[in-house]
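# Inside the fold
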Amino acid sequence: MTEGEGPRCAGVRDLIVHLLRTHPLVTHAGAITKFPNEAALALEIGGIDFEVIVEPA
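Let us look at the structure shown here. Predicted, not measured: the structure shown is a model, and the values here were computed from it.

### Points about the pairing of strand β2 (residues 39–45)
- Of all 7 residues in β2, 5 are buried, a share of seventy percent or more.
- Bridge analysis of strand β1 (residues 26–32) against β2 gives 6 bridges, and the strand direction is antiparallel. Bridging across to β2, A31 finds its partner in L41.
- Adjacent in sequence and paired antiparallel, β1 and β2 are bridged by 6 residues.
- Here β2 pairs with strand β3 (residues 48–54) via 7 bridges, running antiparallel. For A42, the partnering residue across the bridge sits in β3 and is E51.
- As consecutive antiparallel partners, β2 and β3 are separated by 2 residues, and within that stretch G46 has a phi angle of approximately 60°, a positive value.

The structure is reproduced here in structure tokens:
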């Protein structure tokens, strides 16, 4: 896997968003599309905002 393989990272991001939305402490989880070549997500957990970028290992 290389940095240019966005669809795989986007699939992982979508799975993480789906799983986090079911957690009671997560008040917001969604995909970020402002980074064109990155798979990123935004989270709000307990009133604290996070931006997470999913990268290949």
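### Some words on the sheet that holds β3
- Read from one edge to the other, the open sheet built from 3 strands follows the order β1-β2-β3, with strand pairing classed as antiparallel. Each edge of the open sheet carries a strand with a single partner, namely β1 and β3. Going from strand to strand, the sheet's axes swing by 20° on average, the running direction of each strand aside.

Cut-offs used in this document
- Residues numbered from 1 in each chain as written.
- Predicted model: local features only at pLDDT ≥ 70, side-chain atom pairs only at ≥ 80, totals over all residues.
- Heavy atoms only, no water.
- Buried < 20%, exposed > 50% of the residue type's maximum accessible area, 1.4 Å probe, protein only.
- Helix = DSSP H or I, 4+ residues; strand = E, 2+ residues; numbered from the N terminus.
- Pairing = 2+ DSSP bridges.
- Axes fitted to C-alpha atoms, helices over the stretch in contact; angles between N-to-C directions.

Any link to function would need more than the numbers given here.
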